[in-house]
Amino acid sequence: MKKARDCLLKTFRRTFFTLQNPKPQMEDLPERYSYNPVLIWNPQVEEYFVKAYGAEHFSHISKALTRPSCYSCIRVNTLKSTTDTVIEKLSTIVKEMGCSNSENKTLVGGDVDANGIDLMQSDSRRASMKIEDEKKPVTEKFQHPSISRCQVPGLDYVVFVRGSGPHTIDYGYANGRPPKEVIVSRKCAEAVLRGAQVYVPGVMACSAHVEKGDAVAVSVAVEQRGVDGGWSLGITRGTVVQGLPTDPYHSERNGLYIGQGTTAMSRAGIFRVSGGIAVDMNNRVFKLPSFYDVLEGEIFLQNLPSIVTAHALDPQKGERILDMCAAPGGKTTAIAILMKDEGEVIAADRSHNKVMDIQKLAAEMGLSCIATYKLDALKSVNRNVDSCKGTASVCIDANDGVVNNSSNSMNLDNVEPSSVTEVSEVDKTKMQNAKQKMNGWRPRNGPGRNQCMGGRAENSRGFAPNSFDRVLLDAPCSALGLRPRIFAGEETIASLRNHAKYQRRMFDQAVQLVRPGGVIVYSTCTINPGENEALVRYALDKYKFLTLAPQHPRIGGPGLVGHFEFADHFVEEWLRPGEEHLVQRFDPSSPLDTIGFFIAKFSVGTKDLEE
Ligand SMILES: C[S@@+](CC[C@H](N)C(=O)[O-])C[C@H]1O[C@@H](n2cnc3c(N)ncnc32)[C@H](O)[C@@H]1O
């Protein structure tokens, strides 16, 4: 009887186990061990975007968002170097990295953008360059084939380095034996797809018996809808992966393998230590050369649309420019370089640490026309300094501990006597407090690294109305244009509308700060028309003295014309016919292969007639 029961149990276990853990079919494997994600959206947001773009176009955008651009875009600091020199230096670096030309060519998208502009030198041009090799200048001879100069007029200081992908990777699945695995968080995976390594905090789960030096297949666990309707990651950090369907998120991780790497520590180490590289990614689905920490001060890695934004602002030498949401300073430094470091670029941001980042970048790039301030963009206007061209601010200088009230700490020589703000008793007390605080901090902070403000960011209390020639509002946004993105479910219609409200309030401040005859440029890195075209509609309808201005260069596509009616009957108005060609919309699914981005440029007419 017992024998029969044992036998039955055995059969049951075998059957049950097989059902639970079906042997993977060989034909299923390429699909499982690949990178082919489907972006998850909130259903109402998806419906809204399908209405805006059409179903087919939106599915292309969704797909493009899951992948990184096929090239790195590098802006040369023309005040410190030349494009030729940078191309030569990068060629040496890329050669040392061992990137072969054939690899770099494989899956790179088209070179020609929607407007027919050849962004990079075409293959035929490269081929003819080889024939002409003897006659070429020295730089071109040393130019690596994956490196090219931007062909857009005015952007010849922009350099592209091609990457490649998606590559099919053999993860070593053999005879029903799955490879050792590491599962990482989504944020970690997105960084890896951009070229980063897997760091310890990003590892969620790992196979048993993983030792340092093991080859592992790296996949990503993406948030899933919970019973409460919210999104969560249902993996306890440290979970053991067995390569079986009983593993957490086993089926959900089909097609979410981002590459193979070598563990830099054992499984026990990964979950014991708090930092460091966990997996050295040496076989990636997307291969993009990483230029982190390379040619510091000479180059800046920046998305092409961000570079174009600085051009759209068209800053002129000697002008006073405000960058309202400036950190980490990519566009601020691009603007300062276009002004040949002559004039005044005020870079403000809400976050103290981020302001420090701008200072550091400006110092690295050797730019002295940039003054940084900690300031909430929603409180940028200070009517109490209306005769003043500067800012009412509490200046804290870590180098000498002196705390003063200044109108322009960067360049007092340029400030007219009438613009120096009088110091009230309240301000004096505040400054005294700040000074005491500062003295307490000084020993810890040491001397500052920035040429003007030392180790602390200066607090601004706002700027006088009409005190800037040009204002850039590169607004905080839903960032739904950033790539690569593996998950987009967190944004709802309500959260998208909140971003739009916040941006309108900031824009209202920008309008007050720019002088009549000046320029405002508004930009976002989102594909959401509510934060783009709808902001333009709001601006043009509310401020009759604003007009859309043409932008140069213009390499993005047209904006969206029309409107959308939400379930609560709120109607969101976009552009009107004729306006679409005055804005630039960078579509991630276009051959330009950039992030999703939007730029609008406004000319400011005579305000007093309309106000
Ligand atoms: C899109 S990023 C700016 C990127 C920057 N322009 C660049 O090119 O490097 C938006 C910035 O807005 C800042 N921010 C968000 N809310 C703000 C506010 N109320 N006032 C000022 N800055 C704000 C964030 O800290 C963030 O650095």
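- The protein chain carries the name SAM-dependent MTase RsmB/NOP-type domain-containing protein in an unreviewed UniProt entry, which gives Cucumis sativus as its organism.
- Recorded in UniProt under Sequence similarities (unreviewed entry), the annotation for the protein chain is "Belongs to the class I-like SAM-binding methyltransferase superfamily. RsmB/NOP family."

**Brief notes about the site of the ligand**
Thinking step 1. Close contacts around the ligand come from 19 residues, with Lys-331, Asp-349, Asp-376, Ala-377 and Asp-474 the closest.
Thinking step 2. In the environment of the ligand, a nitrogen atom lies 2.8 Å from a nitrogen or oxygen atom belonging to the side chain of Asp-376.
Thinking step 3. Note that a nitrogen atom of the ligand is positioned 2.7 Å from one of the side-chain N or O atoms of Asp-474.
Thinking step 4. For the ligand, whose unbound accessible area comes to 600 Å², protein coverage reaches 88%.

**Remarks on the sheet that holds strand 10 (residues 239–241)**
Thinking step 1. Here we have seven strands laid out as an open sheet, ordered 5-12-11-7-4-6-10, and mixed in their pairing. Unpaired on one side and paired on the other, strand 5 (198–199) and strand 10 mark the two borders of the sheet.
Thinking step 2. Relative to strand 10, strand 6 (residues 203–207) is paired through three bridges, and the arrangement is parallel. Paired with Cys-206 across the bridge in strand 10 is Val-240.

**Examining the nonpolar core**
Thinking step 1. Counting residues in each nonpolar core, the largest one holds 58 residues, and the members touching the most others are Leu-90, Leu-155, Val-158, Phe-291, Leu-304, Ile-335 and Ile-370.
Thinking step 2. With six residues, the single largest contributor to this core is helix 11 (residues 304–313).
Thinking step 3. Counting 39 residues, the second-largest nonpolar core is a separate cluster that includes Leu-513, Leu-535, Tyr-538 and Ala-539.

**Thoughts on unusual backbone geometry**
Thinking step 1. The peptide bond linking Arg-483 to Pro-484 adopts the cis configuration, its omega dihedral lying at -5°.
Thinking step 2. Counting through the fold element by element, Pro-484 comes out in the loop between strand 20 (468–474) and helix 15 (493–513).
Thinking step 3. The linkage connecting His-552 with the following residue, Pro-553, adopts the cis geometry, with an omega of -5°.
Thinking step 4. Here Lys-340, not a glycine, exhibits a phi torsion of approximately 55°, which is positive.
Thinking step 5. Along the chain, the position of Lys-340 falls in the loop between helix 12 (330–338) and strand 15 (344–349).

**Some words on the UniProt feature "active site" (unreviewed entry) in the protein chain**
Thinking step 1. UniProt tags Cys-525 as "active site" (unreviewed entry).
Thinking step 2. Examined against the element boundaries, Cys-525 turns out to sit in the loop between strand 21 (514–524) and helix 16 (533–542).
Thinking step 3. What Cys-525 contacts, discounting residues up to four positions off in sequence, is Cys-477, Ala-479, Leu-480, Gly-481, Leu-482, Ile-595, Gly-596 and Phe-597.

**Things to note about the pairing of strand 1 (residues 71–76)**
Thinking step 1. Counting buried residues along strand 1, six of its six residues qualify, which places the element largely inside the surrounding structure.
Thinking step 2. Burial of strand 1 is two-sided: the residues Tyr-71, Cys-73 and Arg-75 facing one way and the residues Ser-72, Ile-74 and Val-76 facing the other way are all buried.
Thinking step 3. In the sheet, strand 1 pairs with strand 3 (residues 158–162) via five bridges, with the strands oriented antiparallel. Bridge pairing in strand 3 links Arg-75 to Val-158.
Thinking step 4. Bridge count for strand 1 against strand 13 (residues 299–301) is three bridges, and the pairing is antiparallel. Note on strand 13: the bridge partner recorded for Val-76 is Ile-299.

**As for the pattern of salt bridges**
Thinking step 1. If you walk through the whole model with that rule in mind, you get 19 salt bridges.
Thinking step 2. Linking Arg-470 and Glu-319 is a salt bridge whose minimum nitrogen-to-oxygen distance equals 2.6 Å. In this pair, Arg-470 sits in strand 20 while Glu-319 sits in the loop between helix 11 and strand 14 (320–323), placing the two residues 151 residues apart along the sequence.
Thinking step 3. Owing to a relative accessible area of 11%, Arg-470 belongs among the buried residues under this scheme.
Thinking step 4. We classify Glu-319 as buried; its relative accessible area is 12%.
Thinking step 5. Close ionic contact of Lys-331 with Asp-474 constitutes a salt bridge, the shortest N to O distance being 2.7 Å. One end of the pair, Lys-331, is in helix 12; the other, Asp-474, is in strand 20, with 143 residues separating them in the sequence.
Thinking step 6. Members of the salt-bridge network, linked through shared partners, are Arg-537, Asp-541, Arg-576 and Glu-579.

**Comments concerning the side chain of Asp-349**
Thinking step 1. You can see Asp-349 is positioned in strand 15.
Thinking step 2. Of the side chains with opposite charge, Lys-354 lies nearest to the buried Asp-349, which makes no salt bridge, at 5.1 Å.
Thinking step 3. Within the structure, Asp-349 has its side chain in polar contact with the backbone nitrogen of Ala-327 (distance 3.1 Å).
Thinking step 4. At 3.2 Å, the side chain of Asp-349 forms a polar contact with the backbone nitrogen of Ser-351.
Thinking step 5. Excluding its chain neighbours within four sequence positions, the residues that come into contact with Asp-349 are Met-324, Cys-325, Ala-326, Ala-327, Lys-354, Val-355, Ile-358, Tyr-373, Lys-374 and Leu-375.

The rules behind the values
Residues numbered from 1 in each chain as written. Predicted model: local features only at pLDDT ≥ 70, side-chain atom pairs only at ≥ 80, totals over all residues. Heavy atoms only, no water. UniProt positions renumbered as here; feature names shortened; annotations may be inferred. Near = heavy atom within 4 Å. Polar contact = N/O pair within 3.5 Å; in protein donor to acceptor, adjacent residues only side chain to side chain. Areas by Shrake-Rupley, 256 points an atom, 1.4 Å probe, with all protein chains shown as cover. Pairing = 2+ DSSP bridges. Helix = DSSP H or I, 4+ residues; strand = E, 2+ residues; numbered from the N terminus. Core = buried A, V, L, I, M, F, W, Y, C linked by side-chain atoms within 4.5 Å. Buried < 20%, exposed > 50% of the residue type's maximum accessible area, 1.4 Å probe, protein only. Contact = heavy atoms within 4.5 Å. Salt bridge = Lys/Arg side-chain N within 4 Å of Asp/Glu carboxyl O. Lys, Arg positive; Asp, Glu negative; His and termini not counted.

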